[in-house]
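Chain and residue survey
Given next are the chains, with one letter for each unit.
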Amino acid sequence: MRWWQEAVVYEVYVRSFADSDGDGVGDLNGIRGRLGYLELLGVDALWLTPFYRSPMVDHGYDVADPRDVDPLFGDLESFDALLAEAHRRGMQVVVDLVGNHTSTEHEWFRGAVESAPGSPERARYHFRPGRGRNGAEPPNNWRSVFGGPAWTHVPGPGGEPGEWYMHLFTADQPDLDWTNPEVWADTEKTIRFWADRGVDGFRIDVAHGMAKPETLPDDLRQPGWTPLGDRDNDPRFDDPGVHDVHRMIRAVLDHYPGRMAVGEVLVGDDEAFARYVRPDELHQAFGFRLLHAPFEADAVRAAIDRTLATFAGVGAEPTWTLANHDVPRAVTRYGGGDVGTARARAMALVVLALPGSVYLYEGEELGLPDVELAEEVLQDPSGRGRDGCRVPMPWDAEPPGYGFTTGAAWLPMPQEYGRLTVAAQLEDVGSTLSLYRRALELRANHPGFAGDAVEWYGAPPGCFAFRRSASTLVCALNASSVPVPLPPGDVLLTSVPLVDGELPPNAAAWLT
């Protein structure tokens, strides 16, 4: 079995994990200093969000140099030390590959702006003349994921009408043109640069958007389009040409045994999604159906069935996640407060019982909710959307930095973090951290976690139970409003204590 097929991968949002130098921003040395915690937690690998040179408009996803470390986070020496220490502790390391766009500070884009229309420098990006009188309107009606047109105007050197460049995200993130062989060659160079240093895998950012239709047609879905590219007939995403890109990435990685690529694929159609994990493309793609399912037994079961069927159709292993740096945290999403916490704990047992790999997001194991932040401290270029789930990790009970930093954190950490810190939960057997530690230990060592399919049992209304196909392990979920009897078997782990031998509402259990 390849290491990623059943792995538990922990997403480290680099800015928010651990700050080693007191500037309020997490860094590579801070992560290295906390690897013992990840080993104690029991994860198999860590995924690092971008730490490359960047003006940080989109917190590192606007890359100015993909083959160097931004001084905010350290240097190549500190990266190598982190990688070596992770490997010494038996953990793999996955890094982001941002191939859809660069920063406007990238040397390629600076050269493109300084060059004439039709130049080789501009051919690396999507530069087009405008429409309307004097080219004053964008080349098409595409919208940016972050709002507003997906085009920015670049006047000519004498102030005359110039061209427009495409950016599906901020104006500081111009999209690369993947019909240009230089883009292919440079991306291969980047993959080899990090693979040669010993990186074990790559998470492909916007994996469904790296190719664009040749004619750049208008979006005919107006009105009613959605910004995330997860609907059918969105011309900005899932162009057939993207699969040649992923075949190239796979071909490069095939020269490095034991390396993998996992794609961020926001495609709604199951058949279209499955194409990204065909045998000659990506090893994995994030399955988001479970993340988007409401806390209802039928909805969760449907999300599981569709995900398993989609991956099985092309012979790939499923991936599961309940959180990442772009979505509200599970506790908040499931209702907040005690109810949201109980439901998030229950869903943790559901997802960790499933076949395939699981991606956790930092702080998920502490039961962190989203943080309500004042308008004046927001930093996300998309608006209020994502900062609430990016507030730094609370390590101990000393405000304001809670062990994350000795000064002020880049996003303020709330008072209620005091009861959710690692220190507060580590020795508490009833804490969310203790639940995750025990669940990961069982997943790694108990023989019940076997089989690549699930079998469903009959269950009371608002509940379900499934068994891993090659074992006797049963996972039961009670999403109803009343306690229910458990299926037959010995209780292995419950998300909350049983009540008179029954499973309470908003709870899950493992049995054998």
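Notes on the structure in this doc start here. Note that the structure is predicted; figures quoted are calculated from it, not measured.

1. A look at the pattern of salt bridges
Summed over the entire model, instances satisfying the criterion amount to 33 salt bridges. Between R2 and E317 there is a salt bridge, with its nearest N and O atoms 3.6 Å apart. In this pair, R2 is assigned in the segment before β1 (8-12) and E317 in the loop between α9 (297-312) and β12 (319-321), connecting sequence segments 315 residues apart. Note on R2: relative accessible area 37%, which makes it partly exposed. Taking the relative accessible area as the measure of exposure, E317 reaches 16% and is therefore buried. The shortest N-O distance in the salt bridge between R275 and E271 comes to 3.7 Å. Looking at R275, the relative accessible area reads 30%, which means it is partly exposed. Through salt bridges with shared partners, one network takes in D58, D326, D380, R386 and R390.

2. Looking at the packing of helix α3 (residues 76-88) against helix α5 (residues 181-197)
Helix packing for two helices is described by the angle between their axes and how far apart those axes are. At a minimum axis distance of 10 Å, the contact between α3 and α5 shows a crossing angle of 55 degrees. With respect to their mutual orientation, α3 and α5 come out oblique. Together, L76, F79, D80 and L83 of α3 and F193, W194 and R197 of α5 make up the contact between the two elements. A per-class count over the contact of α3 with α5 returns five nonpolar, no polar and two charged.

3. Focus: the sheet that holds strand β8 (residues 163-166)
Spatially, β6-β8-β7 is the arrangement adopted by the three strands of the open sheet, whose pairing is antiparallel. Lying at the two open borders of the sheet, with one neighbouring strand each, are β6 (127-129) and β7 (151-154). Adjacent strand axes in the sheet meet at a mean angle of 35 degrees when their direction is disregarded. For β7 and β8, the ladder comprises four bridges, and the chain directions are antiparallel. Each residue of the ladder has a partner; that of H153, found in β8, is W164.

4. Remarks on α3
Taking 1.5 Å of rise per residue, the 13 residues of α3 would be expected to cover 18 Å, and the 18 Å separating its terminal C-alpha atoms lies within 8% of that figure. The complete set of buried residues in α3 reads S78, F79, L82, L83, E85 and A86. Buried residues of α3, seen end-on, are gathered within an arc of 165 degrees and therefore sit on one face of the element. α3 presents E77 and R88 as exposed residues on the side facing more than 90 degrees away from its buried surface. In the core, the buried residues of α3 are packed alongside α1 (28-33), α2 (35-41), β2 (45-48), β4 (65-69), β5 (92-98) and α5. N-capping of α3 is provided by D75, with a side-chain oxygen placed 3.2 Å from the backbone N of E77.

5. Points about the sheet that holds strand β16 (residues 474-478)
By definition, the strands of a sheet pair up through backbone hydrogen bonds, in either a parallel or an antiparallel sense. Spatial strand order, β14-β15-β16-β18-β17: five strands in an open sheet with antiparallel pairing. Only two strands of the sheet have a single partner each, and these edge strands are β14 (454-457) and β17 (491-494). When strand polarity is set aside, the average angle formed by the axes of neighbouring strands in this sheet is 25 degrees. One ladder, built from five bridges, connects strand β15 (residues 463-468) with β16; its direction is antiparallel.

6. Focus on the environment of D205
Here D205 shows up in strand β9 (residues 201-205). Judged by its relative accessible area of 6%, D205 falls in the buried class. Once residues within four sequence positions are removed from consideration, D205 is found in contact with Y61, D96, L97, V98, H101, M210 and E264.

7. Looking at the environment of V267
The residue V267 is located in the loop between β10 (260-263) and α7 (270-274) in this model. Sequence-wise, V267 and D234 are 33 residues apart; in three dimensions their C-alpha atoms are separated by 9.6 Å.

8. Some thoughts on the packing of α5 against helix α6 (residues 242-253)
Between α5 and α6, the shortest axis-to-axis distance is 10 Å and the interhelical angle comes to 35 degrees. Of the two possible hands of crossing, α5 and α6 adopt the one that is right-handed. In contact with W184, T187, E188, I191 and R192 of α5, α6 contributes D244, V245, M248, I249, V252 and L253.

Rules used throughout
- Residues numbered from 1 in each chain as written.
- Predicted model: local features only at pLDDT ≥ 70, side-chain atom pairs only at ≥ 80, totals over all residues.
- Heavy atoms only, no water.
- Salt bridge = Lys/Arg side-chain N within 4 Å of Asp/Glu carboxyl O.
- Helix = DSSP H or I, 4+ residues; strand = E, 2+ residues; numbered from the N terminus.
- Buried < 20%, exposed > 50% of the residue type's maximum accessible area, 1.4 Å probe, protein only.
- Axes fitted to C-alpha atoms, helices over the stretch in contact; angles between N-to-C directions.
- Parallel < 35°, antiparallel > 145°, perpendicular 65-115°, else oblique.
- Contact = heavy atoms within 4.5 Å.
- Nonpolar A, V, L, I, M, F, W, Y, C, P; charged D, E, K, R; others polar.
- Pairing = 2+ DSSP bridges.
- Expected span 1.5 Å × (residues − 1).
- Arc of directions from axis to C-beta.
- Polar contact = N/O pair within 3.5 Å; in protein donor to acceptor, adjacent residues only side chain to side chain.
- Left-handed = near helix turned anticlockwise from the far one by under 90°.

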